[in-house]
Amino acid sequence: MSNRGETVGEIDTEGSDEWESLRLILQNSRAKLLLQILAHPQRMPSAPELDYRNPSMETSTVQYHLRKLGDADIIEKVKLPKGERTRDLPSTFFRVTEKGERLLKQANLYEEVETWREVYEQMERTPEIREIEAMPRPS
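We now turn to the structure provided with this report. Just so it is clear, the structure is predicted and the values come from calculations on it, not from any experiment. (Residues numbered from 1 in each chain as written. Predicted model: local features only at pLDDT ≥ 70, side-chain atom pairs only at ≥ 80, totals over all residues. Heavy atoms only, no water.)

### Regarding the pairing of strand β2 (residues 92-96)
- Among the five residues that make up β2, four are buried, leaving the element largely enclosed by the rest of the structure.
- Across five bridges, the pairing between strand β1 (residues 75-79) and β2 is antiparallel. Paired with Val78 across the two strands is Phe93, which belongs to β2. (Buried < 20%, exposed > 50% of the residue type's maximum accessible area, 1.4 Å probe, protein only. Helix = DSSP H or I, 4+ residues; strand = E, 2+ residues; numbered from the N terminus. Pairing = 2+ DSSP bridges.)

### Focus on the pattern of salt bridges
- Evaluation of the coordinates by the stated rule reveals nine salt bridges.
- Salt-bridge contacts for Asp17 lead to Lys99; the nearest nitrogen and oxygen are separated by 3.7 Å. Highlighted residues: Asp17 in helix α1 (residues 2-26) and Lys99 in helix α5 (residues 98-106), separated in sequence by 82 residues.
- Under the relative-accessibility criterion, Lys99 is labelled buried at 18%.
- Notably, a salt bridge pairs Glu101 with Arg43, separated by 2.9 Å at the nearest N-O pair. Here Arg43 lies in the loop between α2 (28-39) and α3 (47-53) and Glu101 lies in helix α5, a separation of 58 residues in the sequence.
- Residue class for Arg43 comes out partly exposed when judged on its relative accessible area of 29%.
- Ionic contacts of the salt-bridge type, sharing partners, join the residues Arg53, Arg125 and Glu133 into one network. (Salt bridge = Lys/Arg side-chain N within 4 Å of Asp/Glu carboxyl O.)

### Thoughts on the packing of aromatic side chains
- Under the counting rule described, the total for this entry stands at zero aromatic pairs.
- Its end group placed over the ring of Tyr110, Lys105 keeps NZ or CZ at 4.7 Å from the ring centre. (Phe/Tyr/Trp six-rings, centres within 6.5 Å; stacked < 30°, edge-to-face > 60°. Lys NZ or Arg CZ within 6 Å of the ring centre and 35° of its normal.)

### Comments concerning the nonpolar core
- Counting residues in hydrophobic clusters, the biggest one holds 24 residues, and the most contacted among them are Ile25, Leu34, Leu66, Ile74 and Ile75.
- The set of elements that each furnish at least two residues to this core consists of α1, α2, α3, α4 (59-71), β2 and α5.
- At six residues, α2 tops the list of elements feeding residues into this core.
- In this structure, Ile25 is in contact with Arg30, Ala31, Leu34, Leu69, Ile74, Leu103, Leu104 and Ala107, ignoring residues within four places of it in sequence.
- Ranked by size, the runner-up nonpolar core spans eight residues in total, among them Met44, Leu80, Phe93 and Ile132. (Core = buried A, V, L, I, M, F, W, Y, C linked by side-chain atoms within 4.5 Å. Contact = heavy atoms within 4.5 Å.)

What follows is the structure, given as structure tokens:
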């Protein structure tokens, strides 16, 4: 009987990180940000692009959610090398990790990427956002 309890405890412990990660991505604003990242033509938007796409969220709120997703290894920051950076343009971009993609698939959200891509293409953009979108991304 006690052996079974230990096994259950081990399973619960191992699965708790996965469960917490799923709970993290199922929060509406975070799921939206993840899908927007994947819908980006290069799958690697900058913070200004994500801010622009989320006018109902404060910049600090977007940053908070990105930080939470990064802390859980669901997204990662990717920086342009110093020699490739351009003044007044972003040098940091966000990419969904393999873990993030796996969690989205597990939560049956990954299928929504194509819908978000269509929304992305139809959204009007300012000249500044168009310039940022056109810039090269890290490899």
